Amino acid sequence: LGDTLPPRAAAPEAPSSPSARPEPAPCCDNCSRGQGCLERCHDVASEARALLLAAEACGGRFGLPTVLEVCRGARTAKLASKAGGRLLLCSAFGAGVRCGRSAVWWRVLAEAMVEEGLLAEELVALPAAPGAHPFAPRSYHALRVASAGRALLAKG
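Residues numbered from 1 in each chain as written. Predicted model: local features only at pLDDT ≥ 70, side-chain atom pairs only at ≥ 80, totals over all residues. Heavy atoms only, no water.

*Asks:* So what exactly am I meant to see when it comes to the overall build of the protein here?
*Replies:* Counting its secondary structure elements, the protein contains six helices and two strands. Order of helices (α) and strands (β) in the protein, N terminus to C terminus: α-α-α-α-α-β-β-α. A buried classification covers 29% of the 156 residues belonging to the protein. Within the protein, contacts between residues at least 6 apart in sequence are counted, and of these 56% link residues at least 24 apart. As presented, the protein carries roughly 10100 Å² of accessible surface, and 56% of it is formed by carbon and sulfur atoms. (Helix = DSSP H or I, 4+ residues; strand = E, 2+ residues; numbered from the N terminus. Buried < 20%, exposed > 50% of the residue type's maximum accessible area, 1.4 Å probe, protein only. Contact = heavy atoms within 4.5 Å. Areas by Shrake-Rupley, 256 points an atom, 1.4 Å probe, with all protein chains shown as cover.)

So this is what it looks like as C-alpha cells:
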C-alpha cells in the first residue's frame with residue numbers, strides 16, 4: 001500500500017540549533033489531524049497482498065464475505081460448494097491466517113482497499129427465480145482486483 005497512498009505532508013524543517021529535534025512526519029490520518037493513533041502505526045502491505053490474492057482467486061465472481069473466507073482459510077461447507085471446491089485448493093486459501101487478525105479487521109482493510117482503488121466492487125444482478133420471496137436479494141456486490149491492485153501484485 002505504501003506507494004499507492006497519497007503523499008503525506010513532509011516533516012517541518014529542523015531548527016538551526018543542533019539540540020532541537022524535528023517532529024516526525026505523520027504516519028496516518030489520525031496523526032496528521034492531531035488526534036493521535038489508536039494503535040501503533042504499522043505497514044499492512046503483506047495483509048493487503050493476501051487479500052488481493054484471495055480476491056484474484058475468486059475471479060470477481062463473489063462478494064466480500066467469500067473473499068474474506070478464502071483469505072482467512074475458513075473451511076466452511078458454503079465455501080466448499082462454491083466454484084466446485086476450487087477455492088479451498090487455490091494458493092491464496094489461508095494466505096491471511098499468519099497475520100492473526102479478526103474478521104472485522106479484514107473487512108475494514110478490504111473497505112479501505114476499495115476506497116484506495118486497489119479493489120473494486122461491481123453490482124451483479126441475480127437472475128429472477130420463479131416463486132422467490134418478494135424481498136429476496138436481486139443483486140450483490142462482487143469484489144475484484146482493480147488495475148492498481150494488479151500493479152501492486154505485479155511488483156511482488
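*Asks:* I'm lost on the nonpolar core in this one. Help?
*Replies:* Soluble globular proteins tend to bury their nonpolar side chains together. Ranked by size, the top nonpolar core spans 31 residues in total, and within it L51, L52, W106, M113 and L119 carry the most contacts. Where this core is concerned, the elements lending two or more residues are helix 2 (45-58), helix 3 (64-72), helix 5 (103-115), strand 2 (139-145) and helix 6 (147-155). Per-element accounting of this core gives the leading share, seven residues, to helix 2. Excluding anything up to four places from it in sequence, W106 contacts E47, A50, L51, L68, C71, R72, G96, C99 and R101. (Core = buried A, V, L, I, M, F, W, Y, C linked by side-chain atoms within 4.5 Å.)

*Asks:* Explain the packing of aromatic side chains here, please?
*Replies:* Two descriptors summarise a pair of aromatic rings, namely the distance from one centre to the other and the angle between the planes of the rings. What the rule picks out here adds up to one aromatic pair. Each ring, one from W105 and one from W106, has its centre 5.3 Å from the other, and the planes form 90 degrees; the classification is edge-to-face. For the pair formed by W105 and W106, the shared burial category is buried. It is R101 that lies over the ring of W105; its NZ or CZ is 4.4 Å from the centre. (Phe/Tyr/Trp six-rings, centres within 6.5 Å; stacked < 30°, edge-to-face > 60°. Lys NZ or Arg CZ within 6 Å of the ring centre and 35° of its normal.)

*Asks:* How should the side chain of E47 be read in this particular structure?
*Replies:* Tracing the backbone through its elements, the reader meets E47 in helix 2. Contacts of E47, omitting those with residues within four sequence positions, involve C99, R101, W105, W106 and L109.

*Asks:* Looking at this structure, how should I read the side chain of E69?
*Replies:* With respect to the helices, strands and loops of the structure, E69 is situated in helix 3. There is no salt bridge for the buried E69, and the closest opposite charge comes from K78, which lies 4.8 Å off by N-O distance. With near-sequence residues (within four places) excluded, E69 lies in contact with A74, T76, L79 and F93. (Lys, Arg positive; Asp, Glu negative; His and termini not counted. Salt bridge = Lys/Arg side-chain N within 4 Å of Asp/Glu carboxyl O.)

*Asks:* Just to check I follow, could you spell out the packing of helix 3 against helix 5 for this structure?
*Replies:* Geometrically, a packed helix pair is captured by the angle between its two axes and the distance between the axes. Their axes nearest at 11 Å, the elements helix 3 and helix 5 cross at an angle of 120 degrees. Taken together, the axes of helix 3 and helix 5 lie oblique to each other. For the crossing formed where helix 3 meets helix 5, the hand is right-handed. The residues of helix 5 that touch helix 3, namely those facing L64, P65, L68, C71 and R72, are A103, W106, R107 and A110. Looking at the contact of helix 3 with helix 5 residue by residue, the class counts come to seven nonpolar, no polar and two charged. (Axes fitted to C-alpha atoms, helices over the stretch in contact; angles between N-to-C directions. Parallel < 35°, antiparallel > 145°, perpendicular 65-115°, else oblique. Left-handed = near helix turned anticlockwise from the far one by under 90°. Nonpolar A, V, L, I, M, F, W, Y, C, P; charged D, E, K, R; others polar.)

*Asks:* Any chance you could explain the confidence of the model for the protein here in plain terms?
*Replies:* Regions with low pLDDT should not have their predicted coordinates read in detail. Across the protein, the average pLDDT comes to 79, with 74% of residues at 70 or higher. In this model residues 2-15 is a low-confidence stretch, pLDDT under 50, and it forms 19 contacts with partners more than four residues away in sequence or in other chains. (pLDDT = per-residue confidence, 0-100.)

*Asks:* Would you explain helix 2 in this entry?
*Replies:* Residues spaced three or four apart along an α-helix face the same direction, because each turn holds 3.6 residues. In this model, helix 2 (14 residues) spans 20 Å end to end at C-alpha, consistent with the 20 Å of a helix rising 1.5 Å per residue. Close packing links the buried residues of helix 2 with helix 3, helix 5, strand 1 (119-125), strand 2 and helix 6. Phi turns positive, to about 65 degrees, at G59, one or two residues after helix 2. (Expected span 1.5 Å × (residues − 1).)

*Asks:* Looking at this structure, how should I read the state of the cysteines?
*Replies:* Put plainly, two cysteines are in a disulfide when a covalent bond ties their sulfur atoms together. According to the stated counting rule, one finds zero disulfides in the structure shown. Of all cysteine sulfurs in the structure, the one in C99 sits closest to C71, which takes part in no disulfide; the separation is 7.2 Å. A relative accessible area of 0% places C71 in the buried class. (Disulfide = S-S within 2.5 Å.)

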